[in-house]
Amino acid sequence: MAARPTQQPPTTGRADDGGGGRWGRAIVARPRLLLLVVLALTACAAVLGGGVADRLSSGGSQIPGAESTYATRVLEQRWPASQPNLLLMVSARGATGGVDNPQVVSEARDLARRLGAEQAVGGVVSYWDGKEPALRARDGGEALITARIGGDEDAVDAVLERVRPSYEGRRGPVDVRLGGPAAVRNASQEVIAEDLVRAEMIALPVTLVLLVFVFGSAVAALLPLLVGIMAILGTNAVLRVLTEFTDVSVYAQNLTTALGLGLAIDYALFIVRRYREELAAGADPRAAVATTLRTAGRTVLFSALTVAVSLASMFVFEQYFLRSFAYAGIAVVLIAAAASLIALPALLVVLGRRVDALDVRRLLPRRGTSKPKHEPGAGWAALARLVMRRAPLFAVGTAVVLVALGLPFKDVRFGTADDRQLPSSTPAHLVQQQIREEFPGSPGGVLAVLAQGPRVGQASLADFSRSVSQLPDVVRVSGPAGLYASGEWVRAATPAEAAQTGTDGSAYVTVLPKGEATSASSLELVTDIRSIPVPFKASVTGAAAVLSDTQHGTAERLPWALGVIAVTTLLLVFLLTGSLLLPLQAVVVNALSLTAMFGAVVWVFQEGHLSGLLGFTPTGDIETALPVLMFCVAFGLSMDYGVFLVSRIQEEYERGGDHRAAVEFGIRRTGGLITAAAVILGFVMVAIGTSRVTNIKMLGLGVGLAVLMDAMVVRGLLVPAVLRLTGRATWWAPGPLRRLHRRIGLSETGAGTAPGIDISTADKANQQSTPDAEAPVEAQGTNESLIGSHRAERT
């Protein structure tokens, strides 16, 4: 039997003494074999997820069970012309008579005929068929051919790519450009894919430089980057598998890149920092890894769970646009955590003390050494002392400023994404913009009303059409009963309109509104149409109806999503700390940290401030689902930093029971780490925010702002002020909850004062150890010189 070592490192027990648990023992026992397995899995993920971008979709904003979704599906199947998704804008600029020139008419009719003969293309309607005024520009220079490409989004994209070369460009006396929802969606996918590659090319090298600056060592700096790459590749593989069973939004890939790099950097920074601390205190590499997993590893695990829970709340919503972010977010969080807790510790064991190799700081010129060296984290400690001395001022002042930054959000107006999300030079955007500016009414905002039931007939449709035409902001109503405007019958139905009646008594009418497709007046018009009493089942669809249903569906599910986040966050923070008050503080403080993000979203992207600098077209509204997504992502990331800070404060509090000293200790030991992680994650989000698609830009820049505000303002000012005001009551919990936590809770340390410490006991201890309440906290047992004894006590 091997002799027991005569001396152990002062910071921890042996690697096999259970200090790191079974997990730590398994990693330090076979690190190279473990790394080979991880390498093989990563290679398989890279191959499997390589073509995921081609299988993602750009839709998913509709509520599956909504009235508008039902009507759209029926109309697409029975009357494709009612739901065109492809527009051909035929320009006859320079021709005498414009679009009514005989040569232009001949060429345009030939285009419409050929388009109707294309496979999977139906419902072709052109201005030259019935001289419909809504399909002709006011000055007669352009007119439209509309059509419906059938099939799912992938099939639509394939057909569009096939027919585009045969129609786009100069065709005899006319110029043809493609627009409509299909062209806009196709352009969006192309731009997003290009922008994602550019964002990755920007983020990866600059992130590496920042990590080198943080760690000093080039070897240590590469470790978080490797974890991030594993997380991105693994998540792409997961998304690729999911596309076999469900729709996944193309926007989810941007979240994968941002969170993959950001969270991997957060977790790896925390693990590597703690590992280097243990090495510096005298531990051997294997023991340092075991202790790191027992302490920082558990914090990373809790942090990953809180972020995953925030993102899982999006499963509450029915739109696959939001669900896709839950798929991608949960996968990337769990894979980043797994890589940080499995692959990274194995790498650290193999590297040992070589983790500090290639110290680039040695290449920098050294200045004079006359100035005394500052203790690491001294600046953060000084800030913590200042804040705690003026806790009421900092708590109230910071909260007021954060609330003020969020005030613009009270004027938010929700809308839906359209072509204006694209760069202004994109052909699909140019076509749609020209339609908005030069065509009468709102051709892109036409509403369709599906009528079904045994009482559908000419008389009932005529009464309904007359009532709708009398509503404000309606240009005209057309259908099987003829054309109506301002409550008056204008003319009998054309053959095309008469064909809007089915053999089973169903029919549909179209309503041309005056305003923009998703303006407030159009939304009100949808409500008014739905409130008209009719003897049949009427289902309204169109851009405004889809937006109205989306808003109502999202609003109904939002309280459930917020409830999931709140309850699970409270539970997880309680399991980590055993405190009754800390979970409540975490939820409130994290919510406050997001106010600046929501205020900026409205002030910048809705109102259009800085639009020239940032390069986007303001629309006067915000995509309905986007604030929900941003809240879930940003709240999870804020909890990420909150768990890092609270766990370190708790560790010191358990050791000595001195609340103020523990707060200062936690701020000192994590302030620089959290700030560095936030700056790097913020840069990654800004790189994503360079996208030319407005929603991606909003997501990247908004979440980046929230992350920086949380790390630099909330964690540095608000949290220590609030903790000082709550005092040792922060750690209190009723007896039953304390006993519950002792049975099921997890904490980083196994000794010292329990999280639910009795305040009176702590008071007595502190009266003996800290007679001067206002003495500097260094005198209260938190100097770096005490760290060794601190760790010795814990082991």
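Residue positions are given per chain, counting from 1 as you read along its sequence in written order. Selection of residues for local features in this predicted model requires a pLDDT of at least 70, selection of side-chain atom pairs for listing and counting requires 80 or more, and totals for whole chains, interfaces and linings are taken over all residues. Only heavy atoms go into the side-chain values, all of them from the structure, while hydrogens and water stay out.

Chemist: Any chance you could explain the overall build of the protein chain here in plain terms?
Modeler: Counting from the N terminus, the helices are the DSSP runs of H or I reaching at least four residues and the strands are the DSSP runs of E reaching at least two. Each helix and strand in the protein chain was counted, giving 27 helices and 13 strands. Of all 795 residues assigned to the protein chain, the portion counted as buried reaches 56%. Once local pairs closer than 6 in sequence are excluded, the contacts in the protein chain between residues at least 24 apart make up 80%. Accessible areas in this description were obtained via Shrake-Rupley with a 1.4 Å probe; residue shielding takes into account the shown protein chains only. Surface summary for the protein chain: the accessible area is close to 32,300 Å², and the carbon and sulfur share equals 61%. Three labels apply to residues, based on accessible area from a 1.4 Å probe with only protein chains included: buried if under 20% of the type maximum, exposed if over 50%, partly exposed otherwise in between. Contacts: residue pairs with any heavy atoms within 4.5 Å of one another.

Chemist: It is not clear to me how the sheet that holds strand E10 (residues 488–491) should be interpreted in this structure. Could you clarify?
Modeler: Strands pair in a sheet through their backbones, by hydrogen bonds, and they do so in one of two ways: parallel or antiparallel. At least two bridges found by DSSP between two strands is the condition for calling them paired. Here 6 strands make up an open sheet; going across it, the order is E10-E9-E8-E11-E7-E12 and the pairing antiparallel. Across the chains shown, the open sheet's two edge strands, defined by having one partner strand only, are E10 and strand E12 (537–541). Taking the axes of each pair of neighbouring strands and ignoring which way they run, one obtains an average angle of 25 degrees across the sheet. Relative to strand E11 (residues 507–513), strand E8 (residues 474–479) runs antiparallel, the two sharing 4 bridges. Paired with Val474 across the bridge in E11 is Pro513. Every axis in this analysis is a line fitted to C-alpha atoms, fitted for helices over the stretch in contact. Angles between the N-to-C directions lie between 0 and 180 degrees.

Chemist: What is the right way to read the confidence of the model for the protein chain from this model?
Modeler: As a general rule, the predicted coordinates of low-pLDDT regions are not to be interpreted in detail. Think of pLDDT as the predictor's per-residue confidence, scored from 0 to 100. In this model, the protein chain carries a mean pLDDT of 82, and residues with pLDDT of at least 70 account for 88%. Every residue in residues 1–20 is under pLDDT 50, and counting partners more than four places away or in other chains gives 33 contacts.

Chemist: Explain helix H19 (residues 581–593) to me, please; I cannot follow it from the model alone.
Modeler: An α-helical turn contains 3.6 residues, so any two residues separated by three or four positions project in the same direction. Helix length check: H19 (13 residues) gives 18 Å between terminal C-alpha atoms against 18 Å at 1.5 Å per residue, within 8%. Listing the buried residues of H19 in full gives Leu582, Pro583, Gln585, Ala586, Val589, Asn590, Leu592 and Ser593. In this fold, the buried residues of H19 make contact with helix H13 (391–406), helix H18 (543–577), helix H20 (595–606), helix H22 (626–656) and helix H24 (694–726). Helix span is expected to be 1.5 Å times the residue number reduced by one.

Chemist: Looking at this structure, how should I read the sheet that holds strand E1 (residues 86–91)?
Modeler: Pairing in this open sheet of 5 strands is antiparallel, and the strands run E2-E3-E1-E5-E4 from one edge to the other. Lying at the two open borders of the sheet, with one neighbouring strand each, are strand E2 (121–126) and strand E4 (169–171). Each strand axis lies, on average, 25 degrees off the axis of its neighbour in the sheet, ignoring direction. Examined bridge by bridge, E1 and strand E5 (residues 174–179) share 5 bridges and lie antiparallel to one another. Each bridged residue has a counterpart across the sheet, and for Leu87 the counterpart in E5 is Gly179. Against the sheet, helix H14 (residues 427–438) engages E1, strand E3 (142–149) and E5, with an angle of about 100 degrees to E5.

Chemist: Can you help me understand the nonpolar core in this one?
Modeler: Side chains that are nonpolar tend, in soluble globular proteins, to be buried together. In this description, a nonpolar core means a group of buried Ala, Val, Leu, Ile, Met, Phe, Trp, Tyr and Cys residues linked to one another through side-chain atoms lying within 4.5 Å. Trp128, Tyr267 and Val333 are the most contacted members of the largest nonpolar core, which totals 188 residues. At 19 residues, helix H11 (residues 320–351) tops the list of elements feeding residues into this core. When near neighbours in sequence (up to four residues on either side) are disregarded, Val333 contacts Leu263, Tyr267, Ala304, Val307, Ala308 and Leu311.

Chemist: How do you make sense of the pairing of E5 when you look at a structure like this?
Modeler: A regular strand places its side chains so that they alternate between the two faces of the sheet. Judged from the 3 bridges that link them, E4 and E5 form a sheet pairing that is antiparallel. Considered in E5, the bridge of Arg170 is made with Asp175. The hairpin turn running from E4 into E5, its antiparallel successor, is 2 residues long, and Gly172 in that turn takes a positive phi close to 60 degrees.

Chemist: Would you mind showing me how to read the environment of Gln83 here?
Modeler: With respect to the helices and strands, Gln83 occurs in the loop between helix H3 (67–78) and E1. Sequence separation of Gln83 and Thr541 is 458 residues, and the distance between their C-alpha atoms is 9.5 Å. If near-sequence neighbours (up to four positions away) are discounted, Gln83 is found in contact with Thr72, Leu75, Glu76, Arg148, Ala448 and Thr541.

Chemist: What should I look at first to understand the pattern of salt bridges in this one?
Modeler: Opposite charge on two side chains permits pairing when their charged atoms draw close. Each reported salt bridge corresponds to a side-chain nitrogen of Lys or Arg within 4 Å of a carboxyl oxygen of Asp or Glu. As enumerated under the stated definition, the model contains 30 salt bridges in all. A salt bridge links Glu67 to Arg530; the nearest nitrogen and oxygen atoms lie 3.0 Å apart. Taken together, the residues Glu67 in helix H3 and Arg530 in helix H17 (residues 520–530) connect sequence positions 463 residues apart. Residue classification places Glu67 among the partly exposed residues on the basis of a relative accessible area of 29%. A relative accessible area of 29% means that Arg530 is categorised as partly exposed. Salt-bridge contacts for Arg274 lead to Glu278; the nearest nitrogen and oxygen are separated by 3.3 Å. Separated by 4 residues within a single helix, Arg274 and Glu278 lie in helix H9 (residues 252–280), roughly one turn from each other.

Chemist: How should helix H4 (residues 102–117) be read in this particular structure?
Modeler: With 16 residues, H4 ought to run about 22 Å at 1.5 Å a step, and its terminal C-alpha atoms sit 23 Å apart, in line with that. Listed as buried for H4 are Val104, Val105, Glu107, Ala108, Leu111, Ala112 and Leu115. Structurally, the start of H4 carries an N-cap: the backbone nitrogen of Gln103 is 2.9 Å from a side-chain oxygen of Asn101. Polar contacts, as used here, are pairs of N or O atoms within 3.5 Å; protein pairs need one atom able to donate a hydrogen and one able to accept it. Residues neighboring in sequence count only if both atoms are side-chain atoms.

Chemist: Looking at this structure, I do not really get unusual backbone geometry. What am I missing?
Modeler: With the exception of glycine, most residues fall at negative phi, and the peptide bonds are largely trans. Positive phi, normally seen in glycine, also occurs at Asp473, with a value near 65 degrees. Take Asp473: its relative accessible area is 31%, and that puts it in the partly exposed class. The residue Leu610 is not glycine, and still its phi comes out positive at about 70 degrees. Along the polypeptide, Leu610 turns up in the loop between H20 and helix H21 (611–614). Residue classification places Leu610 among the partly exposed residues on the basis of a relative accessible area of 43%.

Chemist: For this particular structure, what's the right way to read the packing of aromatic side chains?
Modeler: The description of two aromatic rings rests on the distance between their centres and on the angle between their planes. Side-chain rings of Phe, Tyr and Trp (the six-membered ring for Trp) are treated as a pair once their centres are within 6.5 Å; stacked means planes under 30 degrees apart, edge-to-face means over 60, and tilted covers the remaining angles. Evaluation of the coordinates by the stated rule reveals 11 aromatic pairs. Their ring planes at 75 degrees and their centres at 6.5 Å tell us that Tyr267 and Phe644 sit as a pair that is edge-to-face. In this pair, Tyr267 is assigned in helix H9 and Phe644 in helix H22, connecting sequence segments 377 residues apart. You can call Tyr267 buried: its relative accessible area is 0%. The exposure class assigned to Phe644 is buried, which follows from its relative accessible area of 2%. On the numbers, 4.3 Å between centres and 5 degrees between planes, the contact of Phe270 with Phe644 is stacked.

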